[in-house]
Amino acid sequence: MFARMLLLIVALCAALPAAALPPIQTWQTAAGSHVYFVETHDLPMLDVSVDFPAGSTFDTRAKSGVAGLTQQMLHLGAGGLSEDDIARKIADVGAELDGHFDLDRGGVSLRTLTSGEELAQALDVFSRVLQSPEFPAAVLEREKARLVAEIKEADTKPGSIAERNFNQLVYGDHPYALRASGEADTVPAVTRDDLIAFYRAHYAADRAVIALIGDLDRKQAEQIADRLTAQLPRSSDAPTQAPPVPPLAHAETRVIPHPATQAHVLIGAPGMKRGDPDYFSLYVGNYVLGGGGFVSRILTEVREKRGLAYSAYSYFMPMQQDGPFMIGLETRKDQTAEALAVARATLEKFVATGPTAQELKEAKQNIVDGFPLRFDSNRKILEYLDVIGFYHLPLTYIEDFPGNVGKVTLADIDDAFKRRVHPDRMVTVVVGPEPAALGAGGSAR
């Protein structure tokens, strides 16, 4: 109980000023894993994560859901411990065990105190979860049933329907089109052998990226990294990333009737990837277009001037390959056509003329002023270490970020958007009104 209370206190107090961020140390373990470590002794705690190229992009259409179930099952029985044993042992020392999963990555993370007993027990459990998952058959059947129920429920919600159809239209036959959860008709076919095979192929030691931050010295960090990876599977021939994303050849609109009172609208196309040379030009430009909240053009045009939606936004989601560029809004069904027209016109004008000098100045100032809040705690820094390591970004990425934002010019944004964003070749998904209400000819469910 004391350990749990202490961890809560230090978690609430955890903050590391931007100016005091220590350098990132990096090395490889004996097993070939890549390690990224920040040493800081402000708090008696450790945050550690281990990521693998094991996201949903490595699923197949026939058994979509294997990747997500593999990641989910890691902590539901491992190394002779049941899921209840794992939960109890982690709770007894006030630690936190979490998982993370997306298109590219699958992995687990641990937050624990660094005092001897607490650290030893937390790392013992964490090591078993990583290196000795058992994928109990009975637990798998339970998780599959739960997941199918969640998928079926999601398929009734307009937001989920819009997102699923958007990904299908943007990515077509590319693996990024696969739903991370799998499908209601594919998950039941997943077997324990599928999970074991996926784990052995994708959770290999030489593919692991370990991020650590906390109250350790280099020697202790090396020992922990070695311990966490020594018994992982060795390398395999499985791919480590998705194939390149093809550009959209033409525009396409899909209108899906739904009884919800609000229409959900998504517009977009493949955007950019991590480390993209146009990243900062597109990022800063999008802050003006739709990423800056109440100061962005899309929200101003759609909400402030016309009252057509409470929220309207745009964003880029960079991945290993081109993640989506998306514009989104919700509006009353009877206003859908007008809101959609305004959003499209705003995008077209922005691509044609770019931001004003004042808009660019304010965007850069807001981004730079708010940047320290992105890594004002050890946990946030850990997330950056994950990204830097997994996507092979420069070790000075955090320190360089404000300067790279400051270098962006009007010409940079104008050039990047004209080359990369094509309003005449975007998909549009509208969930809510009948197709005839928008003058659209087709629909899908």
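What you see is a predicted model, and the numbers here were worked out from it, not measured in a lab. (Residues numbered from 1 in each chain as written. Predicted model: local features only at pLDDT ≥ 70, side-chain atom pairs only at ≥ 80, totals over all residues. Heavy atoms only, no water.)

## A short note on helix 6 (residues 158–171)
1) Next: The end-to-end C-alpha distance of helix 6, which contains 14 residues, comes to 20 Å, matching closely the 20 Å that a straight helix rising 1.5 Å per residue would cover.
2) Next: Tucked inside the fold, the buried residues of helix 6 contact helix 5 (137–154), strand 9 (252–257), strand 10 (262–270), strand 12 (324–332) and strand 13 (427–432).
3) Next: Directly beyond the C-terminal end of helix 6, a positive phi value near 55° is found at Gly172. (Helix = DSSP H or I, 4+ residues; strand = E, 2+ residues; numbered from the N terminus. Expected span 1.5 Å × (residues − 1). Contact = heavy atoms within 4.5 Å.)

## Digging into the environment of Tyr397
1) Next: Within the fold, Tyr397 resides in helix 14 (residues 397–406).
2) Next: Owing to a relative accessible area of 11%, Tyr397 belongs among the buried residues under this scheme.
3) Next: Distance from Tyr397 to Val431, taken between C-alpha atoms, is 39 Å for residues 34 residues apart in sequence.
4) Next: Filtering out sequence-adjacent residues up to four positions away, Tyr397 remains in contact with Tyr279, Phe280, Tyr384 and Ile388. (Buried < 20%, exposed > 50% of the residue type's maximum accessible area, 1.4 Å probe, protein only.)

## Regarding the nonpolar core
1) Next: By size, the foremost hydrophobic cluster in this structure holds 81 residues, and its most contacted members are Val284, Phe325, Leu347, Tyr397, Phe401, Phe417 and Val421.
2) Next: Ranked by residues supplied to this core, first place goes to helix 9 (residues 279–291) with eight residues.
3) Next: Val66, Leu81, Val93 and Val129 belong to the second-largest nonpolar core, a separate cluster that totals 55 residues. (Core = buried A, V, L, I, M, F, W, Y, C linked by side-chain atoms within 4.5 Å.)

## A closer look at the sheet that holds strand 1 (residues 25–28)
1) Next: Strands sit in the order 1-2-8-3-7-6 across an open sheet of six strands; the sheet is mixed. In the strand order of this sheet, the two ends are held by strand 1 and strand 6 (96–101), each with one partner. Within the sheet, the average angular offset between the axes of one strand and its neighbour, ignoring direction, is 15°.
2) Next: In terms of strand pairing, strand 3 (residues 45–52) meets strand 7 (residues 106–113) through eight bridges, oriented antiparallel. By the bridge assignment for strand 7, Asp51 is matched with Gly107.
3) Next: Contacts between helix 4 (residues 116–131) and the sheet are confined to strand 3, strand 6 and strand 7, with strand 7 contributing the most and set at about 170° to the helix. (Pairing = 2+ DSSP bridges. Axes fitted to C-alpha atoms, helices over the stretch in contact; angles between N-to-C directions.)

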